[in-house]
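# Coordinate inspection notes
The lines below spell out each chain.
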Amino acid sequence: MTGLLITGTSVAPSFRAPSGWDWVLLPGVDKGLDGYVPRNLEVSMHDLVALRAGMIDGVLAGFRPDLIVVDRHATGIHGELATALRRARATSAVRVVLGLREVLDGPEAALAEWARLGGPGVIKELFDGIWIYGDPAVHDPVEAGEVPWSLRRLIHYTGYLATGRPTGSGVNCMPGPYCMTTVGGGSDGHALARVAALTPMPAGLGHLIVTGPQMPDKERRDIAQLARNGATVVAMVDDVVHHMRQAAAVVSMGGYNSVCEIMSTDVPALIVPRSQPRAEQRIRAGSLARAGYVDYQEIGTLTPEVLSSWLSSQLGTTIDRRRLQLNGLARVPQLAAEQLAAEQLAGTLAGVPAGRRRMAARVKVALSRAAI
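The subject of this paragraph is the pattern of salt bridges. Evaluated as defined, the whole model comprises 19 salt bridges. Here Glu298 ties to Arg282 by a salt bridge, and the two come within 3.0 Å at their closest N and O atoms. With Glu298 in the loop between strand E14 (295–296) and helix H10 (304–314) and Arg282 in helix H9 (residues 280–290), this residue pair connects regions lying 16 residues apart in the sequence. A relative accessible area of 37% means that Arg282 is categorised as partly exposed. A network of salt bridges, in which partner residues are shared, links Arg72, Asp105, Glu113 and Arg278.

Moving on, we get to the environment of Val96. Tracing the backbone through its elements, the reader meets Val96 in strand E6 (residues 95–101). On the accessibility criterion, Val96 (0% relative accessible area) is buried. Between the alpha carbons of Val96 and Val70 there is a distance of 7.6 Å; along the sequence they are 26 residues apart. With near-sequence residues (within four places) excluded, Val96 lies in contact with Ile68, Val70, Leu85, Arg89, Leu126, Phe127, Asp128 and Gly129.

Ranked by internal contacts, the top residues of the largest apolar core, which has 35 residues, are Tyr160, Met180, Val250, Met263 and Leu288. Elements represented by at least two residues in this core include exactly strand E5 (67–71), strand E7 (129–133), strand E9 (178–182), strand E10 (206–210), helix H8 (256–263), strand E13 (269–271), H9 and helix H11 (328–349). Residues Leu26, Val94, Val147 and Ile155 belong to the second largest nonpolar core, which totals 33 residues.

What follows deals with helix H3 (residues 107–117). Residues of H3 that are buried: Ala110, Glu113 and Trp114. Along the axis of H3, the buried positions cluster into a sector of 100°, meaning they face one direction only. Turned more than 90 degrees from where H3 packs its buried face, Glu108, Ala115 and Arg116 sit exposed. Positioned one or two residues after H3, Gly118 has a phi angle of 115°, which is positive.

Following Gln276, the chain continues into Pro277 via a peptide bond in cis, with omega recorded as 0°. Structurally, Pro277 can be placed in the loop between E13 and H9. For Arg64, which is not glycine, the phi dihedral falls at a positive 50°. Secondary-structure assignment places Arg64 in the loop between helix H1 (45–63) and E5. According to the relative accessible area criterion, Arg64 is exposed, its value standing at 55%. Positive phi is not limited to glycine here, since His78 has a value of about 55°. Here His78 is to be found in the loop between E5 and helix H2 (82–91). Classification of His78 as exposed rests on a relative accessible area of 57%.

Now for the sheet that holds E9. Read across the open sheet, the six strands follow the order E11-E10-E9-E12-E13-E14; overall the sheet is parallel. Edge positions in the sheet fall to strand E11 (232–234) and E14, since each of these pairs with one other strand and no more. Each of E9, strand E12 (249–252), E13 and E14 touches H10; the most contacted strand, E12, lies at about 145° to it.

Scoring rules and cut-offs
- Within each chain, residue numbers correspond to sequence positions counted from 1 in written order.
- Owing to the predicted nature of the model, reporting of local features is limited to residues with pLDDT of at least 70; listing and counting of side-chain atom pairs is limited to 80 or more, with chain, interface and lining totals taken over all residues.
- Note: side-chain values were computed over all heavy atoms of the structure, leaving out hydrogens and water.
- The rule for a salt bridge is simple: a side-chain nitrogen of Lys or Arg has to be within 4 Å of a carboxyl oxygen of Asp or Glu.
- A helix here means a DSSP run of H or I that spans at least four residues, while a strand means a run of E at least two residues long, and both kinds are numbered starting from the N terminus.
- A simple rule labels every residue: compare its accessible area, found with a 1.4 Å probe on the protein chains alone, to the largest value its type can have, and call it buried under 20%, exposed over 50%, or partly exposed in between.
- Whether two residues are in contact is decided by their heavy atoms, any of which lying within 4.5 Å being enough.
- The set of buried Ala, Val, Leu, Ile, Met, Phe, Trp, Tyr and Cys residues whose side-chain atoms join them within 4.5 Å is what this entry labels a nonpolar core.
- Note that the arc is computed from the directions linking the helix axis to the C-beta atoms.
- At least two DSSP bridges between two strands are required for those strands to pair.
- Lines fitted to the C-alpha atoms define the axes, with helices restricted to the stretch that makes contact. Angles between their N-to-C directions range from 0 to 180 degrees.

Have a look at this one:
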């Protein structure tokens, strides 16, 4: 199998692609005060969307994939994907899947977003399936009202994309027992990192603060200056899951990737979600807390004293997360194979040779301010 990963995130190609796969990098966008804006190009947003749409259309037409997996935004930014998907479906037996995190947003905001796409009818026209990367026993976005009920027959729940993530060097950058604070990409993690830096650690416990590569340099220097008792402040670690597994406790924001990494361990965790611009992290943290897998604290009520007390209460404890569905990374290839088998059957019935198996996947590699 060979494939392409199409992304607007400039750091994506620094990640190792699977053998036989390659990257296509689109001109990026950022979130501005009034919506998306070009990240680097000095052009109008209208022209940037047209450029990205043309690039995507050309890639799909030239590569002729058998399976397309779209991440999160069904028709891309300002509908940039719609024409390319319709053309691909009209000219081949390609299968198209929409991949969604287990939490989208509050129901009202999520349903408004579906309406802006054109409603369930557009989704049924463009997609053959919807993969939800979560465990419905913890949070079911259909039951919660985040996904239209009429789309339920397209949905397959994969479980969290947790166990089986690639490992790094396995080298620990912290000697002795420690607590780990991580704020995801870091672009909006300064408030949590600041509270963590000011928190006195229980006796004998070190503190590893991972600010994320997107935290501005000025904010990272502030955290390093505030850090108490010789806490180690770094932008990134080589192997996040390894460091989490070795920690006595983890304090984290509620982004999907961070939560998946935590769920693959038995380490106690306190989730401190962002509250803007989406309710996604708060819903995720609340759902996991109600199920007993994490503790949950709002940033507005988190103080160094509160955090120190929580850490003291967690020392020496573990959390049994074995009831969670965490095998999404194994389940997704199985679902992909099912879609490819359906594509081959459709091509055979239409008299079109199935040819070599190829997949074009659009992935959001960075969660924070990433352009798909």
